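Inside the fold
Each chain, letter by letter, is given below.
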Protein chains: 6
Amino acid sequence: MKIKIINPNTTQRMTETIGAAARAAAASGTTIVAVSPLMGPVSIEGHYDEAMSALGVLDEVRRGEADGCDGYVIACFGDPGLLASREIARGPVLGIAEAAMHVASLVAGGFTIVTTLARTQGIARHLVAQYGMRDRCRGIRATELAVLDLDRPGGAAYRAIREECRRALAEDGAEAIVLGCAGMADLATRLGGELGVPVVEGVAAAVKLVESLLALGLGTSKVGELAHPLPKVYRGMLEGFAPGRPDRGA
Amino acid sequence: MKIKIINPNTTQRMTETIGAAARAAAASGTTIVAVSPLMGPVSIEGHYDEAMSALGVLDEVRRGEADGCDGYVIACFGDPGLLASREIARGPVLGIAEAAMHVASLVAGGFTIVTTLARTQGIARHLVAQYGMRDRCRGIRATELAVLDLDRPGGAAYRAIREECRRALAEDGAEAIVLGCAGMADLATRLGGELGVPVVEGVAAAVKLVESLLALGLGTSKVGELAHPLPKVYRGMLEGFAPGRPDRGA
Amino acid sequence: MKIKIINPNTTQRMTETIGAAARAAAASGTTIVAVSPLMGPVSIEGHYDEAMSALGVLDEVRRGEADGCDGYVIACFGDPGLLASREIARGPVLGIAEAAMHVASLVAGGFTIVTTLARTQGIARHLVAQYGMRDRCRGIRATELAVLDLDRPGGAAYRAIREECRRALAEDGAEAIVLGCAGMADLATRLGGELGVPVVEGVAAAVKLVESLLALGLGTSKVGELAHPLPKVYRGMLEGFAPGRPDRGA
Amino acid sequence: MKIKIINPNTTQRMTETIGAAARAAAASGTTIVAVSPLMGPVSIEGHYDEAMSALGVLDEVRRGEADGCDGYVIACFGDPGLLASREIARGPVLGIAEAAMHVASLVAGGFTIVTTLARTQGIARHLVAQYGMRDRCRGIRATELAVLDLDRPGGAAYRAIREECRRALAEDGAEAIVLGCAGMADLATRLGGELGVPVVEGVAAAVKLVESLLALGLGTSKVGELAHPLPKVYRGMLEGFAPGRPDRGA
Amino acid sequence: MKIKIINPNTTQRMTETIGAAARAAAASGTTIVAVSPLMGPVSIEGHYDEAMSALGVLDEVRRGEADGCDGYVIACFGDPGLLASREIARGPVLGIAEAAMHVASLVAGGFTIVTTLARTQGIARHLVAQYGMRDRCRGIRATELAVLDLDRPGGAAYRAIREECRRALAEDGAEAIVLGCAGMADLATRLGGELGVPVVEGVAAAVKLVESLLALGLGTSKVGELAHPLPKVYRGMLEGFAPGRPDRGA
Amino acid sequence: MKIKIINPNTTQRMTETIGAAARAAAASGTTIVAVSPLMGPVSIEGHYDEAMSALGVLDEVRRGEADGCDGYVIACFGDPGLLASREIARGPVLGIAEAAMHVASLVAGGFTIVTTLARTQGIARHLVAQYGMRDRCRGIRATELAVLDLDRPGGAAYRAIREECRRALAEDGAEAIVLGCAGMADLATRLGGELGVPVVEGVAAAVKLVESLLALGLGTSKVGELAHPLPKVYRGMLEGFAPGRPDRGA
């Protein structure tokens with residue numbers, strides 16, 4: 001099976017980190033294709049970045065459908081374009097916030113999300129509500145690290161995240177940690193070891209969930225809310241993004 | 001004050017209907033600018049259309065900020081790009097679903113949303129939850145009219161909508177109707193008269209709310225979730241959409 | 001249009017402050033009539049005061065219907081008698097807590113209510129739930145100022161409120177402030193300027209919402225929960241408050 | 001112990017029915033005092049009636065405190081004046097809707113409320129939310145019987161109620177019935193026998209709960225929301241209702 | 001009437017404390033039978049203990065049905081086996097967490113639960129949600145006392161609980177205290193006196209509620225969710241626990 | 001990896017069906033051990049059956065820990081003993097209701113649960129609430145098939161289930177089906193093909209989720225609610241079930 005990991009931002013170095021995390025998580029029979037879109041922001045730190053990034057995400061899902069991808073992971077904690085992507089995909093599409101929260105709810109009574117900038121807490125809050133996780137989410141904590149600072153050498157980012165996780169365990173009643181940014185994809189194992197609780201990172205979690213859905217023979221429901229978009233005309237620079245007839249490619 | 005009404009789809013005839021409804025609702029001192037974006041779908045009937053339309057909506061808000069617009073209305077019942085638009089606007093931005101539901105909650109114990117295609121009910125359901133209207137929304141009913149059929153001559157669309165409204169009053173316990181598509185903007189008054197209950201149409205409702213917020217001196221909070229986007233690079237065909245420094249225009 | 005602002009308490013000085021705030025907010029074509037009821041408590045600081053004040057509020061709405069008032073604002077943050085008033089009014093009736101919370105939800109991700117005595121926090125909590133604002137309300141903070149202390153000269157009340165607002169922004173994650181008492185009606189602009197976030201004051205907010213509803217041609221639904229009271233006999237000192245036939249005045 | 005049953009309406013015949021139901025439920029050591037207020041509507045069928053009736057309810061609680069009553073039951077399904085009454089009572093105060101819903105939740109997975117006029121369904125809906133019963137309430141059904149028709153001879157009212165209960169069991173998944181009007185106080189036993197499920201009537205339920213609280217030594221908390229009203233001046237025809245110092249009577 | 005109090009743990013000394021509390025609360029005509037099961041844990045401090053204790057609880061309810069018991073109290077704050085017990089009982093069955101929370105909601109705006117070990121907070125959290133008490137529960141506080149330490153001489157446990165209660169009143173906005181362990185059954189009166197707010201202890205509360213339901217003629221609904229178990233074969237060491245035909249004993 | 005599938009009932013034929021479904025879903029490197037407990041009901045159709053079955057479930061998890069099992073699936077739609085099992089397992093434990101609902105939420109906007117007897121709908125309702133699925137669950141439908149009738153030859157059960165699924169799609173707005181009984185484990189593929197929507201069966205879903213969690217290196221959090229039970233004495237026939245020190249086996 002072929003799973004496409006879409007890093008909604010256009011920072012290739014981060015796409016590589018994400019791709020490596022996805023490959024490390026994938027089963028032996030799974031092919032991981034990790035891409036950045038052809039267009040969009042270099043990092044996603046708010047609603048505007050997120051809305052803009054959806055164009056590239058959808059473009060990659062469209063290409064993936066043509067290329068025979070079986071499933072998709074949207075590797076940004078705001079899950080940009082998730083429901084729209086489901087409409088144009090035959091197979092499953094998972095967001096990493098969605099994947100991480102569902103997984104965390106299976107191994108702990110409650111979790112805290114540890115994220116980057118405080119300004120993204122509102123996005124996390126919306127997703128907690130949307131995914132039915134109000135009773136599980138004990139806190140949403142910001143480290144005030146910018147997305148592109150996460151992999152700077154020297155480890156200060158790692159230590160800041162670890163300290164915030166420790167506060168979550170001590171003050172929020174958290175029993176697990178959800179990492180709130182795809183840029184943290186390579187930190188989960190080490191953090192989990194040091195903290196002694198499950199640390200859930202969404203890229204790996206989403207890869208396993210997509211593999212699971214595919215193994216179960218489950219794709220996105222094409223009845224109702226997530227049915228293929230109706231064919232229609234798109235104008236201007238979006239002309240090429242118009243949905244076609246589903247049997248002829250999205 | 002100058003309020004820009006953005007019809008997120010690119011069907012000019014519908015923009016004209018919406019603009020007329022907005023002008024009819026506006027106070028005498030208000031200038032209404034009604035536009036379709038330069039790019040995007042001719043109608044919005046699902047998550048994919050909606051996500052794609054956000055690009056054009058945001059483009060129009062950016063232009064509006066440069067042009068001295070004081071506030072904005074996003075005239076599609078899915079409120080595409082609403083939170084992202086708030087980030088780049090100094091003044092208020094309202095979605096018509098948001099406006100219509102808040103207004104309906106002020107004049108009735110409960111309302112039913114009467115919308116177009118059943119496939120859009122999921123979108124309405126998400127918005128009901130997001131706006132805190134679960135206790136107020138008694139039903140979401142589809143007429144199975146396509147958006148662009150709404151203004152076809154002959155009145156069949158009007159009659160279908162009216163019959164669905166009557167079922168809502170009889171079967172859902174609705175005490176008011178929320179019209180679930182900007183394409184119904186010119187039907188509210190006649191429907192209200194025939195049904196004998198408040199019929200709330202979002203374009204007019206949003207215009208009045210934006211005027212109200214402006215009169216109150218209230219713009220979008222720039223602290224926290226809705227702060228101006230961080231300046232950064234955007235790549236590819238979105239290069240020109242990158243957020244700049246707020247004091248230099250979005 | 002004529003809007004009647006009912007200060008549910010009988011302290012005339014406060015009615016004047018409220019009336020001034022209402023007039024400052026009103027459109028040029030709006031006539032504001034600000035009254036205290038003929039009967040009731042000099043301030044409202046709990047459920048008992050509030051229940052008692054409803055009599056005077058309803059009396060004023062009844063008189064307003066006879067006098068040709070088009071809409072009403074109930075200017076106490078507990079919104080006393082709101083749903084009952086809607087039953088006897090043809091036009092819209094808004095409470096200031098309701099108005100302020102809805103307005104705040106349109107310009108910020110979340111808000112904190114800053115109110116007077118801690119004993120009134122329970123009332124605010126009920127209203128937050130009733131208006132669907134649980135996801136938006138980040139805190140309800142008491143200043144322990146009594147209602148009638150708000151306008152004492154010297155500015156200590158202002159400073160206490162401002163400090164509580166600052167704590168709300170720093171500790172609650174609030175992105176806007178809702179002022180929790182009609183007696184604070186004249187503080188919003190100055191507070192907003194000093195705090196740098198939207199500060200929503202309910203009297204002005206409610207005036208704009210009533211004007212908006214009237215401009216939209218929307219009155220209270222007379223179907224279902226808010227239909228005109230059934231004509232019946234009232235006994236004792238309430239004899240004169242019995243609802244009559246709606247077409248003959250309430 | 002002495003428990004005062006306050007029928008918020010002023011129809012003495014109904015007070016007698018209610019008093020009889022209360023006495024039938026009361027323990028041998030309990031003295032039941034059943035009263036109608038000196039003022040107020042002859043029946044309560046909406047928010048206006050309810051708000052108006054609170055004056056009489058509170059007057060009776062005040063008198064009861066002076067007369068050494070230990071607890072109170074407010075015998076109207078809208079629970080008018082409940083929280084206000086708690087402020088001025090030392091002992092417990094129960095509303096019959098509150099009592100009936102809590103009791104029903106203890107003996108069945110879910111219940112349907114069977115009430116009088118459809119216009120009162122909104123009131124029941126608010127109480128269901130306020131009392132945390134959303135997961136338990138399977139339906140709110142109106143019989144379109146007026147309150148004062150309930151005890152008309154001939155049994156048509158009884159049969160109409162019984163048929164509505166049967167529909168609730170068959171269609172709503174109800175496992176118990178909550179009777180939604182104090183005027184149904186004498187029907188519960190017979191209905192329960194014929195329907196074969198618990199039929200909960202609030203007057204009897206509230207009497208037992210008040211007795212229970214008294215036996216447990218529990219009165220209303222005087223800390224926070226339900227503390228005694230602050231002493232202050234009331235004006236006009238409400239002058240005599242001003243709260244005094246609690247140690248000198250309400 | 002005969003009410004069986006089942007202490008789900010097998011520590012007889014604690015059963016005696018519980019039995020004494022139940023007898024002190026019971027009406028003069030009530031016979032209290034307080035038992036520990038024949039099997040199970042000596043204390044209950046987590047989900048495993050709780051699930052295991054359900055066997056003994058159900059065994060005691062089965063015996064109680066054969067012995068003519070009219071109602072039951074499950075005297076552990078996790079309410080183990082509550083819904084299962086209701087299936088096999090004709091009369092009412094109450095858990096002490098359920099009883100205490102419902103009772104506290106009748107006398108205060110909000111309460112905090114003060115319990116034993118922090119590891120049991122998750123159990124309390126589930127029950128708060130299940131009983132519709134999310135709006136009422138202001139906190140769940142652990143004292144880190146083990147269940148069997150509660151009655152150790154010297155009073156350290158009492159003082160620790162009292163201090164935690166004081167913090168709840170000062171920091172949570174609690175207006176009443178719910179004691180979160182049956183082992184605290186003898187502390188409520190003294191605590192209530194010292195704290196000046198209602199302190200609700202579940203054993204006494206449940207006894208009064210069961211008496212109330214019995215006086216009202218209400219047993220567990222045998223329609224739907226709580227109907228008598230279907231007769232069937234049980235295997236192995238549970239063979240003797242198989243449900244029989246209800247008319248022949250459970 | 002070795003995953004133990006525990007059929008909480010003691011009907012071996014059903015265990016074989018479940019084991020076959022689990023094996024069909026498992027990855028090539030996964031060893032599936034499917035067992036019935038040594039004790040317990042032959043089918044689970046209510047709270048009593050479920051509470052009783054927890055003993056056997058927990059016994060099997062204890063044995064599994066000693067035998068080196070890596071994870072567990074509890075194969076009954078009531079998820080009996082789930083949280084207790086998590087306390088004694090190092091690795092992940094999934095219930096099939098939990099697994100099926102989470103999986104369905106990833107591929108459809110909303111689902112309906114199609115189950116066996118109407119008396120089990122209450123159990124499903126509790127789980128929907130517990131797992132945060134209120135916004136996703138569109139209905140819970142009973143076929144009135146007994147658990148042990150599901151695999152009777154002749155296909156009547158299959159047809160009844162399929163018809164109920166069709167009604168769910170037509171009447172509830174369901175976009176996917178969740179099968180509400182482990183006895184339906186072999187029907188999902190055929191149903192999915194005939195209905196044209198995702199049909200989620202919990203046994204296979206849970207196997208994939210447990211495999212996923214194991215691959216992610218995630219076990220149950222041992223901090224807080226799900227920590228290993230405290231070592232203590234159990235009495236009577238449960239003596240051998242007492243939790244020991246975790247490092248010496250459960």
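Described in the following lines is the structure provided in the data block. None of the values given here were measured: they were computed from a predicted structure.

Focus: the overall build of chain A
On a plain count of helices and strands, chain A comes out with 8 helices and 10 strands. In terms of C-alpha radius of gyration, chain A reaches 18 Å, essentially the compact-globule figure of 18 Å for 250 residues. In terms of its C-alpha atoms, chain A occupies a principal-axis envelope of roughly 55 × 35 × 35 Å. In chain A, buried positions account for 69% of the 250 residues. When the accessible area of chain A is evaluated, it comes to approximately 7,500 Å², of which 51% is carbon and sulfur surface. Considering chain A, the positive charge centre built from 26 side chains and the negative charge centre built from 28 side chains are found 2 Å apart.

With respect to the interface of chain B and chain A
At the junction of the two partners, chain B supplies 45 residues and chain A supplies 45 residues. Buried surface at the junction of chain B and chain A, both sides included, amounts to about 3,900 Å², of which 62% is carbon and sulfur. Put simply, chain B and chain A have 6 salt bridges between them. With a shortest N-O distance of 2.6 Å, aspartate 49 of chain B and lysine 232 of chain A are connected by a salt bridge. At the boundary of chain B with chain A, the tally comes to 31 residue pairs in polar contact (both at pLDDT 80 or more). Contributions of two or more residues to the side of chain B that touches chain A are made by strand S3 (40–41), helix H2 (47–66), helix H3 (82–88), helix H5 (121–130) and strand S10 (234–235) of chain B.

Topic: the sheet that holds strand S4 (residues 71–74) of chain A
All names here are of chain A. Pairing in this open sheet of 4 strands is parallel, and the strands run S2-S1-S4-S5 from one edge to the other. Looking at which strands have only one partner, the edges of the open sheet turn out to be strand S2 (31–35) and strand S5 (93–95). Put simply, the sheet's adjacent strands are angled 20° from each other on average, direction ignored. Across 4 bridges, strand S1 (residues 2–6) lies against S4 in parallel orientation. Bridge pairing in S4 links isoleucine 5 to valine 73. Packed onto the sheet, helix H1 (residues 12–25) meets S1 and S2 and runs at close to 165° relative to S2.

What to know about the arrangement of the chains
Without any contact between them, chain A and chain D keep their closest C-alpha atoms 16 Å apart. Separated without contact, chain B and chain E have their nearest C-alpha atoms at a distance of 16 Å.

So, the environment of alanine 84 of chain C
Relative to the helices and strands, alanine 84 of chain C is located in helix H3 (residues 82–88). Separated by 145 residues in the primary sequence, alanine 84 of chain C and proline 229 of chain C have C-alpha atoms spaced 8.8 Å apart. Sequence-distant contacts of alanine 84 of chain C, that is, excluding residues within four places in its chain, are made with Leu58 of chain C together with His47, Tyr48 and Ala51 of chain D.

Here we look at the relation of the copies chain B and chain A
Least-squares fitting of chain B to chain A yields an RMSD of 0.0 Å, with the transformation described by 0.0 Å of translation along the axis and a rotation of 180°. A rotation of that kind, with that shift, is consistent with a two-fold axis. When the interface residues of chain B are mapped onto chain A, 100% of them again lie at the interface, so the same face is used by both copies.

Examining the packing of helix H1 (residues 12–25) of chain D against helix H8 (residues 202–215) of chain D
All names here are of chain D. Direction vectors running N to C along H1 and H8 enclose 45°, while the axes themselves pass 8 Å from each other. Considered as vectors, H1 and H8 are oriented oblique to each other. Helix-helix and strand crossings are classified by hand; for H1 and H8 the assignment is right-handed. On H8, the residues that touch Ile18, Ala21, Ala22 and Ala25 of H1 are Val203, Ala204, Val207 and Lys208. Tallied by class, the residues present in the contact of H1 with H8 amount to 7 nonpolar, no polar and 1 charged.

Here we look at the interface of chain F and chain A
Taken together, the 39 residues of chain F in the interface contact 39 residues of chain A. Both faces considered, chain F and chain A share a buried interface measuring about 3,000 Å² in area, 65% of it formed by carbon and sulfur atoms. On inspection of chain F and its partner chain A, the count reaches 0 salt bridges. Linking chain F with chain A are 12 residue pairs in polar contact (both at pLDDT 80 or more), by the criterion used here. Elements supplying a minimum of two residues to the side of chain F that touches chain A: strand S5 (93–95), helix H4 (96–107), strand S9 (199–200) and helix H8 (202–215) of chain F.

Here's the deal with the sheet that holds strand S6 (residues 111–115) of chain C
All names here are of chain C. Taken in spatial order, the 4 strands line up as S7-S6-S8-S9 in an open sheet, and their pairing is parallel. Strands with a single pairing partner mark the edges of an open sheet, and in this sheet they are strand S7 (137–142) and strand S9 (199–200). Bridging between S6 and S7 involves 5 bridges; their strand directions are parallel. Residue phenylalanine 111 lies in a different strand from S7, and its bridge partner there is cysteine 137.

Some remarks on the pairing of S1 of chain A
The side chains of a regular strand alternate, first on one face of the sheet and then on the other. Taken across its 5 residues, S1 of chain A has 4 buried, putting it largely inside the fold. Handedness of the S1 of chain A-H1 of chain A-S2 of chain A crossover: right-handed.

Thoughts on the environment of glycine 91 of chain C
All names here are of chain C. For glycine 91, the location among the structural elements is in the loop between H3 and strand S5 (93–95). Looking at glycine 91, the relative accessible area reads 11%, which means it is buried. Here the alpha-carbon distance between glycine 91 and aspartate 70, two residues 21 residues apart in the chain, equals 5.6 Å. Leave out the neighbours within four places in its chain, and glycine 91 touches Asp70, Gly219 and Thr220.

Notes on the relation of the copies chain F and chain A
Copy one and copy two of the chain differ by a rotation about an axis and a translation along that axis. The transform that puts chain F on chain A rotates by 180° and translates by 0.0 Å along the axis, for an RMSD of 0.0 Å. Of the residues that chain F buries at the interface, 100% are likewise interface residues in chain A, meaning the two copies contact each other through the same surface.

Side note on the side chain of aspartate 59 of chain F
Relative to the assigned elements, aspartate 59 of chain F resides in helix H2 (residues 47–66). The buried category is assigned to aspartate 59 of chain F, whose relative accessible area is 7%.

Digging into the pattern of salt bridges
The final tally for this structure, using the stated rule, is 102 salt bridges over all chains. Among the salt bridges present, the one from glutamate 65 of chain C reaches arginine 90 of chain C, with a minimum N-O distance of 3.1 Å. Taken as a pair, glutamate 65 of chain C in helix H2 (residues 47–66) and arginine 90 of chain C in the loop between H3 and S5 lie far apart in primary sequence, 25 residues in all. You can call glutamate 65 of chain C buried: its relative accessible area is 8%. Here the residues in one salt-bridge network are Arg141, Glu164, Arg167, Glu171 and Asp172 of chain A, joined through shared partners.

Here's the deal with helix H4 (residues 96–107) of chain E
For an α-helix the count is 3.6 residues per turn, leaving residues at separations of three or four pointing the same way. All names here are of chain E. Taking 1.5 Å as the rise per residue, H4 with 12 residues should run 16 Å; its terminal C-alpha atoms sit 17 Å apart, in good agreement. Counting buried positions along H4 gives 12 out of 12 residues, so the element sits mostly inside the fold. Turning to H4, its buried residues number three or more, namely Ile96, Ala97, Glu98, Ala99, Ala100, Met101, His102, Val103, Ala104, Ser105, Leu106 and Val107.

A look at unusual backbone geometry
Notably, aspartate 79 of chain A is not glycine yet its phi reads approximately 50°, a positive angle. For aspartate 79 of chain A, the location among the structural elements is in the loop between S4 and helix H3 (82–88).

Let's talk about the pairing of strand S8 (residues 176–179) of chain B
All names here are of chain B. Burial of S8 is two-sided: the residues Ala176 and Val178 facing one way and the residues Ile177 and Leu179 facing the other way are all buried. As judged from the 4 bridges shared by strand S6 (residues 111–115) and S8, these two strands associate in the parallel manner. Considered in S8, the bridge of phenylalanine 111 is made with alanine 176. Bridge count between S8 and strand S9 (residues 199–200): 2 bridges; the pairing is parallel. Within S9, the position partnered with isoleucine 177 by the bridge is valine 199. Handedness of the crossover is the feature at issue here: the chain leaves S8, passes through helix H7 (residues 188–195), returns alongside S9, and the resulting connection is right-handed.

Brief notes about the packing of aromatic side chains
Within this structure, the stated rule accounts for 6 aromatic pairs over all chains. Summarising the aromatic geometry, the rings of tyrosine 48 of chain A and tyrosine 234 of chain B are spaced 6.1 Å apart at their centres and angled 35° between planes, so their arrangement reads as tilted. Taken as a pair, tyrosine 48 of chain A in helix H2 (residues 47–66) and tyrosine 234 of chain B in strand S10 lie in two separate chains rather than in one. Residue class for tyrosine 48 of chain A comes out buried when judged on its relative accessible area of 0%. Tyrosine 234 of chain B gets classed as buried once you look at its relative accessible area, which sits at 2%. The positively charged end of arginine 190 of chain C is found above the aromatic ring belonging to tyrosine 158 of chain C, 3.8 Å away from the centroid.

Rules and cut-offs
- Residues numbered from 1 in each chain as written.
- Chains lettered and ligands numbered in written order.
- Predicted model: local features only at pLDDT ≥ 70, side-chain atom pairs only at ≥ 80, totals over all residues.
- Heavy atoms only, no water.
- Helix = DSSP H or I, 4+ residues; strand = E, 2+ residues; numbered from the N terminus.
- Rg over C-alpha atoms; globule rule 2.2 N^0.38 Å.
- Buried < 20%, exposed > 50% of the residue type's maximum accessible area, 1.4 Å probe, protein only.
- Areas by Shrake-Rupley, 256 points an atom, 1.4 Å probe, with all protein chains shown as cover.
- Lys, Arg positive; Asp, Glu negative; His and termini not counted.
- Charge placed at Lys NZ, Arg CZ, Asp CG, Glu CD.
- Contact = heavy atoms within 4.5 Å.
- Buried area = accessible area lost by both parts, 1.4 Å probe.
- Salt bridge = Lys/Arg side-chain N within 4 Å of Asp/Glu carboxyl O.
- Polar contact = N/O pair within 3.5 Å; in protein donor to acceptor, adjacent residues only side chain to side chain.
- Pairing = 2+ DSSP bridges.
- Axes fitted to C-alpha atoms, helices over the stretch in contact; angles between N-to-C directions.
- Least-squares fit on C-alpha atoms with pLDDT ≥ 70 in both.
- Parallel < 35°, antiparallel > 145°, perpendicular 65-115°, else oblique.
- Left-handed = near helix turned anticlockwise from the far one by under 90°.
- Nonpolar A, V, L, I, M, F, W, Y, C, P; charged D, E, K, R; others polar.
- Right-handed = clockwise from strand over helix to strand, strands pointing away.
- Expected span 1.5 Å × (residues − 1).
- Phe/Tyr/Trp six-rings, centres within 6.5 Å; stacked < 30°, edge-to-face > 60°.
- Lys NZ or Arg CZ within 6 Å of the ring centre and 35° of its normal.

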